[in-house]
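# Residue-level structural notes
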Amino acid sequence: MNDTNLHELMDILEAHPDFIQYDYKGDENQILIDKQLITLLLRYLLKIGKKEEELKKELKFLIKHAFELGERDLVLSKNNNIFIKIVNLDTRVVIEEKDQDTIKNRFSGINEDELKKFHNEFFAEKENQNFFNHIALEFVTLYFHEKKITNYVYEKNVFGYIQSIIYNNLVSMYDNDDGFFTGFAGYIFRIHFEDVFAHIADLILDEISMANNYLMEFLDYYASNIIVINGEKYQVPAIEAGKGLKWSVVSMLSISKIYTKTKKSIIALEKEIETLKIKIQKLFINKLSPTQYQTLFIAEKQKLEHNIDKVTKDLEKHLDALDLKPIKDKKELLQRQIRKIRESLELLRNKKKELATRAINQKVLQEYSNLQREMDKMKRHLIRDKKIIAQNDDSYKSMRNSLVKALTSKKKLLSPAK
């Protein structure tokens, strides 16, 4: 981008101050640029020949230049608006030399209040509710399924591995690899530490329920109690059940097999029930189920037939009176009445014909009945499965919590072996 282009883009920014919100949400370090202004900037970039894949990079460069932003300051897209988070020197942590290995390494020197604000503003949103499920799945897939790491490698590197996965996912989500996310990855890992490992524990228990030999051996390590490495004794973290008892792989296998199998069944049933609901809803007529519609249809048909029968009898009565050859005036009156009755009868018969065109197809009724019966069956199974989960919930959570504690602990040096 040459200087002329840059100046013209700056002119567009300066010409639309109403589209720029300084002190966004009461924070002097936050700026929001409205999507209408972003659209104008993107149109200009396209006009001067920038390619689609270059737009984000060029726009970010322009905004960083225009607002004199530093390396760590963030430029992020939010609902097609652009959000600027200024992480300046005044908002960074003043780090004492003795704290270099803790605060600085954990949050890259960024003030925790700034990280908290960003978390609440951007990360604590509905679309991120499965973020840590994904992190856990990525970790288990990469390091347990593909690399099959040892317990030694796990203990030494697990926290670094997970923080790296979190960082890479943040960079991908926000299309931003500025230094801020190094600190933010450490921050959210710390505050969601137990969530991450609870998801990992769930995945491990699911795997052993399917007899994953590698992970069963991996968990056997925690039953070792004492191990010797290079002539030194270590106490291995145990998967403790409380009151001096410990979970063995066999006992964990038993509970996890029932629990995880039933959980999967519940998920599948709920999905199938939702699918059936959609199919059933498509059969509704004027917001009525086929059986409700059929009931009202029959009632309306019976009412019409009753009225037709009543008017027919009335017509016959008048025709009989006319056959008696009454006096002229009486005859003319009867003829007028007969004409009106016949008109009413014709109207009722036409209504009956029209109603017949709205009769529900018996195949639809049968399909609805079959779908409803299938859904009722699934709902009964769902109630049964939820009861099984409730019966095993305490045991499973106790086991998972014990596993989380072991997974987040490390072996302790006891004394040199003799």
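A brief structural summary. Please read all numbers here as calculations on a predicted model, not as lab measurements.

About the thresholds
Residues numbered from 1 in each chain as written. Predicted model: local features only at pLDDT ≥ 70, side-chain atom pairs only at ≥ 80, totals over all residues. Heavy atoms only, no water. Salt bridge = Lys/Arg side-chain N within 4 Å of Asp/Glu carboxyl O. Helix = DSSP H or I, 4+ residues; strand = E, 2+ residues; numbered from the N terminus. Buried < 20%, exposed > 50% of the residue type's maximum accessible area, 1.4 Å probe, protein only. Phe/Tyr/Trp six-rings, centres within 6.5 Å; stacked < 30°, edge-to-face > 60°. Lys NZ or Arg CZ within 6 Å of the ring centre and 35° of its normal. Pairing = 2+ DSSP bridges. Polar contact = N/O pair within 3.5 Å; in protein donor to acceptor, adjacent residues only side chain to side chain. Contact = heavy atoms within 4.5 Å. Expected span 1.5 Å × (residues − 1). Axes fitted to C-alpha atoms, helices over the stretch in contact; angles between N-to-C directions. Parallel < 35°, antiparallel > 145°, perpendicular 65-115°, else oblique. Nonpolar A, V, L, I, M, F, W, Y, C, P; charged D, E, K, R; others polar.

### So, the pattern of salt bridges
Evaluation of the coordinates by the stated rule reveals 14 salt bridges. Between Glu 270 and Lys 386 there is a salt bridge, with the nearest N and O atoms lying 3.7 Å from each other. Taken together, the positions of Glu 270 in helix α11 (residues 249–282) and Lys 386 in helix α14 (residues 362–407) put the pair 116 residues apart, joining distant regions of the chain. Glu 270 sits in the partly exposed class, given a relative accessible area of 35%. Accessibility expressed as a relative area gives 44% for Lys 386, which makes it partly exposed. Note that Lys 352 and Glu 305 form a salt bridge whose closest N and O atoms lie 3.5 Å from each other. Taken together, the residues span a long stretch of sequence, with Lys 352 in helix α13 (residues 328–357) and Glu 305 in helix α12 (residues 290–323) at a distance of 47 residues. We classify Glu 305 as partly exposed; its relative accessible area is 32%. Connected through salt bridges with shared partners, the residues Asp 27, Lys 85 and Lys 117 form a single ionic network.

### What about the packing of aromatic side chains?
Across all of its chains, the model carries 28 aromatic pairs by this definition. Here the aromatic rings of Tyr 22 and Phe 67 are separated by 6.3 Å at their centres, their planes lie at 55°, and the arrangement is tilted. With Tyr 22 in strand β1 (residues 20–22) and Phe 67 in the loop between α3 (55–66) and β3 (74–78), this pair connects stretches of sequence that are 45 residues apart. Between Phe 159 and Phe 189, the aromatic rings sit 6.4 Å apart at their centres with planes inclined by 55°, giving tilted as the arrangement. Of this pair, Phe 159 sits in helix α7 (residues 151–174) while Phe 189 is found in helix α8 (residues 180–191), placing the two residues 30 residues apart along the sequence. Judged by its relative accessible area of 28%, Phe 159 is partly exposed. Judged by its relative accessible area of 5%, Phe 189 falls in the buried class. Members of the aromatic cluster, connected to one another through ring pairs, are Phe 139, Tyr 143, Phe 144, Tyr 154, Tyr 161, Tyr 214, Phe 218, Tyr 221 and Tyr 222. The cationic tip of Lys 148 hangs over the ring face of Tyr 214; the distance from NZ or CZ to the ring centre is 5.9 Å. In this structure, Lys 411 packs its charged tip against the face of Tyr 234, placed 5.6 Å from the ring centre.

### Considering the pairing of strand β2 (residues 30–33)
Neither face of β2 is open: one carries Gln 30 and Leu 32, the other Ile 31 and Ile 33, and all of them are buried. Strand direction decides the pairing type here: β1 and β2, joined by 3 bridges, are antiparallel. Within the sheet, the bridge partner assigned to Gln 21 lies in β2 and is Leu 32. Relative to strand β4 (residues 81–85), β2 runs antiparallel, the two sharing 4 bridges. Along β4, the bridge assignment pairs Gln 30 with Lys 85.

### Regarding the side chain of Gln 30
Mapping Gln 30 onto the fold places it in strand β2. For Gln 30, a relative accessible area of 4% corresponds to the buried category. Within the local environment of Gln 30, its side chain forms a polar contact with the side chain of Lys 85, the two groups lying 3.2 Å apart. Once you skip the residues sitting within four places of it in the chain, Gln 30 turns out to touch Gln 21, Tyr 22, Asp 23, Tyr 24, Lys 25, Phe 83, Ile 84 and Lys 85.

### Regarding α8
With 12 residues, α8 extends 17 Å between its outermost C-alpha atoms, agreeing within 8% with the 16 Å of an ideal straight helix rising 1.5 Å per residue. The buried fraction of α8 is high, at 9 of 12 residues. Buried within α8 we find Phe 180, Phe 181, Gly 183, Phe 184, Ala 185, Gly 186, Tyr 187, Ile 188 and Phe 189.

### Here we look at the packing of helix α5 (residues 112–123) against α8
At a minimum axis distance of 10 Å, the contact between α5 and α8 shows a crossing angle of 80°. In terms of axis orientation, α5 runs roughly perpendicular to α8. Contacts between α5 and α8 involve Glu 112, Leu 115, Lys 116, Phe 118, His 119 and Phe 123 on the former and, on the latter, Phe 180, Phe 181, Gly 183, Phe 184, Tyr 187, Ile 188, Arg 190 and Ile 191. Grouping the amino acids of the contact of α5 with α8 by side-chain chemistry returns 9 nonpolar, 2 polar and 3 charged.

### Points about the pairing of β3
Within β3, 4 of the 5 residues are buried, which leaves it mostly tucked inside the rest of the structure. Where β3 lies against β4, 5 bridges are found, and the strand directions are antiparallel. If you follow Val 75 over to β4, its bridge partner there is Ile 84.

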